[in-house]
Amino acid sequence: MIPFRLFAALIFAIGLACGPAHADRRVALVIGNSAYKSAPKLGNPVNDATLVGGMFKKAGFDSVDVRLDLSASEMRRMLREFAGRSRDADMAVIYYAGHGIELDGTNYLIPTDATLETDGDVLDETIPVERALFAVEPAKQLRLIILDACRDNPFSKTMKRTLASRAIGRGLAKVEPTSPNTMIAFAAKAGSTASDGDSRNSPFATALVEHLPKPGLDLRKAFGFVRDDVLKATGYKQEPYVYGSLGGDDVPLVVKPPATGPQANPQEAIRRDYELALQLATRDGWEAFLAQYPDGFYANLAKGQLNKIGAEETRASAEQKAKAAEQEKTRLIAERAQKAEQEKAAAAAKAAEEARIAADKQKQIEQAKAEAAERQRKAAEAAAAKALAEKQAAEKAKTELAAKQAAEKAEQAAKPAADRQMPEADQKVAALSPAPTSTLSAVDLAKSVQSELRRVGCLSGGADGDWSAAAQRSLTLFNKYAGTQLDVKLASVDALDALKAKPGRVCPLVCNFGFKADGDQCVKITCRAGFRVGDDNECEKIQEKKPVATREDSRRRDQDRKQSDAAPSAPQASGQMICNAAGCRAIAKGCRLGTVSHPSNPSVKIPGEVCN
C-alpha cells in the first residue's frame, strides 16, 4: 500500500507539471493626433495618448509604442509594423485619439495631413478602422481597439458632396467585429459625439487610466466603470459604448498578483488521507490511517468507522451461526431425534436468532454514530474553510489598497515638469477640485434608474434624481411586466442591473382614440380628404347624406327609432389601442382595456383586452 503522504506528494507534483509555463505577452500601439494642418488644432489627443501610453507601460506590457501627430503614410506604416508584433502576442491593444469620420456606415481615422475637400477624398486620405482590426487580428487571446475619435468633425462642414445621397454621419457608426475575442470601445455611443473636457485630459481617457489597470478586473466590468465615470463627468451627455464579445472567463488587462501570506490549511493533508480511507471503507485502510495519524479529530472519526465495521462483522457472524443452528434443527427433526435434542436445538436456534437481532441493532447504532461523526466533520471543515476565505478576503483588500496607493504615487511622480511648475493660483484651483469617484451617489443612482425606466417605456417623466411616487409607480409597472420583485421604495443597484438587462421596451404603449403607435410615441391619425377616423380607429370613407324621405318614410323611421330606443344598446368600440411585441391594434367592439393574468405567471397582472 502506498503511504498517504507519498500519494499526496505525487498528486501535488502532477499539478505543478500541468501549470502555466510562461506569462502572456502583451503589446500596445498608442496614437494621438492633435496638430491638424487643415483643421483647428485639438488640445487633448496628444495629452491623452501620453497618459494612456504611460498606463500601459506601468501595467507591465512587453511592448508599448506611443506615436504623436502622424500623417497618413506614417499611420499605415505603424499599423503594418504593429501587425508583425501581434503575431507573437496573446493580447494586442490599439488606442487612437484624434478626429474620425463616418461615411456610408464605415468609420475612418483622420491623419494630420488630411485635407478632405470632397467626400471622395476620405477613401484616399484617411485610414479605415478595419485596417486597425487587421493589425490586432493575429493576437491569440484578446484583440482590443479603443477609439477616442467621436469629436465634432470640422471637415464635414466644408467638405463638398460629389453624391447628394451619400451619408456623412455624426460621430462614428456602430461596429460589430467578426473575429472572436475582439472588442471595440468608443468614447461615445454610435451616432453621438464625445467631449474633450475642460482639463488637460478628456473624461474618457481619465476614466480609462483609472479602471483598466486594476489587477484582476475583467475588461467588461472595467469598461462599465468607465461608462459610469464619463456619464457623471459630462452630466449624462456622453455615454461610452463597447461592441464585440468575449468568452465566459474573466479577461483582465493586468493579471491579479498571487496572494501572499499563509494559504494552506494544516489539516488539508490529513483530510485528503481521511477521505481516501473513507472511499476504501476497509479495516486495513482505517488501521493504516490510524497508524499514520493516531491522535486528533480525524483519528476519532476513523475509530468510529472501525467500530462500524466491527459491528457489521459481528452481525454477519451471528447471522451465520443462526443459519447453522436452523439447519441443525431441521436435520434433527428429519432424523426423528429425541424430544430433548429437538428442544435443545430449538433453544440454540432461538438464542442464535436473538444474538443476530442484537448484533443487527448494534450495527445500526454504530452506523448512526459514524454518520453523525461524518456530519460533524463536514461542518467543522466548512467552518474552517469559511474562516480561511474571510482571512484571504481581508488580505486581498489590503493588497489592492496597497497597490492602488503605489499606483497613485507613481502617477504623481510621472507628471511632467510643466505640471509641477504650475502657477500657485492654478495649484490651489486644482487642489479644490474633487477627485472623480467610481461610486454613484443616491441621486446619481436614482437618475440612472429613471433613465433606464424611460428607455424600457415605464416612465414618462424626466430623470431628475428625485425618487418620487411617480418613479416608484414606474418601477412597480416594470415589476409587473418583467416578472421581477424589486423593492420600489428606493433606487437600488439591483434595479439598475435588472433594467439594463432588458434590450427593448417592457411596458406596453397604449394610445387614445384618434392616435396610433409609432415606435415609442403616439401620433395623431391623419385621413385623406373624404375619409375620417372610424370606431375601429381606422380611416373610413364618409357616407353621403341620403335624400329627404317622404311622410310615410318619416312615420316608419319614427317607429323604427322607438323600437331601437327600447332595445338594449349594442356594444361600441372604445377607441383605445393596445400594443405588444407583435404590434398595435384597436380594442375590439364590446371590449375594453384592463388587466389580465400573465400566460407564464398567473399571479402577475398585465394590460390586456377584457371582453364581456
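Residues numbered from 1 in each chain as written. Predicted model: local features only at pLDDT ≥ 70, side-chain atom pairs only at ≥ 80, totals over all residues. Heavy atoms only, no water.

*Asks:* Break down the confidence of the model for the chain for me, citing the residues and quoting the values.
*Replies:* Overall, the prediction assigns the chain a mean pLDDT of 82, with 85% of residues at 70 or greater. Below a pLDDT of 50 lies the segment residues 1-22, which in the model reaches 13 contacts outside its immediate sequence neighbourhood of four places, other chains included. Scored below 50 in pLDDT, residues 420-438 shows nine contacts in the model against residues more than four places distant or in partner chains. (pLDDT = per-residue confidence, 0-100. Contact = heavy atoms within 4.5 Å.)

*Asks:* So what's going on with the sheet that holds strand β8 (residues 182-186)? Residues and values would help.
*Replies:* As summarised here, the arrangement of the six strands in space is β2-β1-β3-β7-β8-β9, forming an open sheet in which the pairing is mixed. Two strands in the sheet have a free side with no partner beyond their single neighbour: β2 (63-68) and β9 (241-245). When strand polarity is set aside, the average angle formed by the axes of neighbouring strands in this sheet is 10 degrees. By the bridge criterion, seven bridges tie strand β1 (residues 26-32) to strand β3 (residues 91-97) in an arrangement that is parallel. Opposite Gly32, over in β3, you have Ala97 as the bridge partner. Those strands touched by helix α5 (residues 129-136) are β3, β7 (142-148) and β8, and its axis lies near 150 degrees from that of β7. (Pairing = 2+ DSSP bridges. Helix = DSSP H or I, 4+ residues; strand = E, 2+ residues; numbered from the N terminus. Axes fitted to C-alpha atoms, helices over the stretch in contact; angles between N-to-C directions.)

*Asks:* Help me get a handle on the state of the cysteines, residues and values and all.
*Replies:* When the sulfur atoms of two cysteines share a covalent bond, that bond is a disulfide. All told, the structure shown has three disulfides when counted by the stated rule. Sulfur-sulfur distance for the disulfide between Cys527 and Cys539 comes to 2.0 Å. One disulfide, between Cys527 and Cys539, carries an S-S torsion of -85 degrees and so falls in the left-handed class. Taken together, the positions of Cys527 in the loop between β11 (521-524) and β12 (531-533) and Cys539 in strand β13 (residues 539-541) put the pair 12 residues apart, joining distant regions of the chain. (Disulfide = S-S within 2.5 Å.)

*Asks:* Tell me about the packing of aromatic side chains, and please be specific about residues and values.
*Replies:* For the coordinates displayed, the defined rule picks out nine aromatic pairs. Note on Tyr241 and Tyr243: the rings are 5.2 Å apart at their centroids and 45 degrees apart in plane angle, and the pair reads as tilted. Given a relative accessible area of 32%, Tyr241 falls into the partly exposed group. Residues Tyr274 and Trp286 carry aromatic rings whose centres are separated by 5.3 Å and whose planes lie at 55 degrees to one another, so their mutual orientation is tilted. Of this pair, Tyr274 sits in helix α9 (residues 268-280) while Trp286 is found in helix α10 (residues 283-292), placing the two residues 12 residues apart along the sequence. Here Tyr274 and Trp286 have matching classes, each one buried. Through pairs of rings, three or more aromatic residues link up here, namely Tyr274, Trp286, Phe289, Tyr293, Phe297 and Tyr298. For Arg528, the ring lying beneath its charged end belongs to Phe531, and the centroid distance is 4.1 Å. (Phe/Tyr/Trp six-rings, centres within 6.5 Å; stacked < 30°, edge-to-face > 60°. Buried < 20%, exposed > 50% of the residue type's maximum accessible area, 1.4 Å probe, protein only. Lys NZ or Arg CZ within 6 Å of the ring centre and 35° of its normal.)

*Asks:* Just give me the short version of the sheet that holds strand β5 (residues 106-109), but keep the residues and values in it.
*Replies:* Ordered in space as β4-β5-β6, the three strands form an open sheet in which the pairing is antiparallel. Where the open sheet ends on each side, the last strands, each with one partner, are β4 (100-103) and β6 (127-128). Strand direction decides the pairing type here: β5 and β6, joined by two bridges, are antiparallel. Within the sheet, the bridge partner assigned to Tyr108 lies in β6 and is Pro128.

*Asks:* Mind laying out the environment of Leu51, listing which residues take part and the relevant values?
*Replies:* When you line up the elements, Leu51 lands in helix α2 (residues 45-58). On the accessibility criterion, Leu51 (18% relative accessible area) is buried. C-alpha of Leu51 to C-alpha of Asn201: the two residues are 150 residues apart in sequence and 8.3 Å apart in space. Excluding anything up to four places from it in sequence, Leu51 contacts Asn201, Ala205, Val209 and Glu411.

*Asks:* Which residues make up the nonpolar core, and what values go with them?
*Replies:* Ile146 and Leu212 are the most contacted members of the largest nonpolar core, which totals 79 residues. Ranked by residues supplied to this core, first place goes to β3 with seven residues. Look past the residues within four positions of Leu212 in its chain and what remains in contact with it is Met55, Ile146, Leu219, Ala222, Phe223, Val226 and Leu253. Residues Leu453, Leu475, Val506 and Ile606 belong to the second largest nonpolar core, which totals 22 residues. (Core = buried A, V, L, I, M, F, W, Y, C linked by side-chain atoms within 4.5 Å.)

*Asks:* Just give me the short version of the layout of surface pockets, but keep the residues and values in it.
*Replies:* Roughly 1,200 Å³ of volume is contained in the second largest pocket. The wall of the second largest pocket is formed by 40 residues, among which Arg227, Asp228, Glu239, Glu452 and Lys500 lie closest to the centre. Only β8, α8 (219-233), β9, α15 (442-455) and α17 (493-500) provide two or more residues apiece to the lining of the second largest pocket. By residue number, the principal contributor to the lining of the second largest pocket is α8, which donates eight residues. Of the residues that constitute the lining of the second largest pocket, the class distribution is 20 nonpolar, nine polar and 11 charged. (1 Å grid on protein atoms, 1.4 Å probe; cavity = no way out; pocket = protein on both sides within 12 Å on 5 of 7 lines; lining within 4 Å. Points joined across faces, edges and corners; volume = space filled by probe spheres on them. Nonpolar A, V, L, I, M, F, W, Y, C, P; charged D, E, K, R; others polar.)

*Asks:* Go over the packing of α9 against α10 with me, naming the residues and quoting the values.
*Replies:* For the pair α9 and α10, the least separation of the axes is 9 Å and the interaxial angle reads 165 degrees. Between α9 and α10, the angle is such that the two are roughly antiparallel. Judged by the twist between their axes, the crossing of α9 over α10 is left-handed. Facing Ile270, Asp273, Tyr274, Ala277 and Leu278 of α9, the residues of α10 in contact are Gly285, Trp286 and Phe289. (Parallel < 35°, antiparallel > 145°, perpendicular 65-115°, else oblique. Left-handed = near helix turned anticlockwise from the far one by under 90°.)

*Asks:* Could you give an account of the environment of Tyr241, with specific residues and numbers?
*Replies:* On the secondary structure map, Tyr241 appears in strand β9. Put simply, Tyr241 and Ala188 are 53 residues apart on the chain and 6.1 Å apart in space, counted from C-alpha to C-alpha. Contacts of Tyr241, omitting those with residues within four sequence positions, involve Ile184, Ala185, Phe186 and Lys189.

*Asks:* How would you sum up the environment of Leu276? Please name residues and give values.
*Replies:* Take Leu276: it is sitting in helix α9. A residue is classified by how much of its surface remains accessible, and Leu276, at 26% relative accessible area, is partly exposed. Taking the C-alpha atoms as reference points, Leu276 and Phe289, 13 residues apart in sequence, are found 9.5 Å from one another.

*Asks:* I'd like a description of unusual backbone geometry, backed by residues and values.
*Replies:* The backbone of Asp69 shows a phi angle near 50 degrees, a positive value even though the residue is not glycine. If you trace the backbone, Asp69 turns up in the loop between β2 and α3 (72-86). Located in the positive-phi region is Asp104, a residue other than glycine, with phi close to 55 degrees. By secondary structure assignment, the location of Asp104 is in the loop between β4 and β5.

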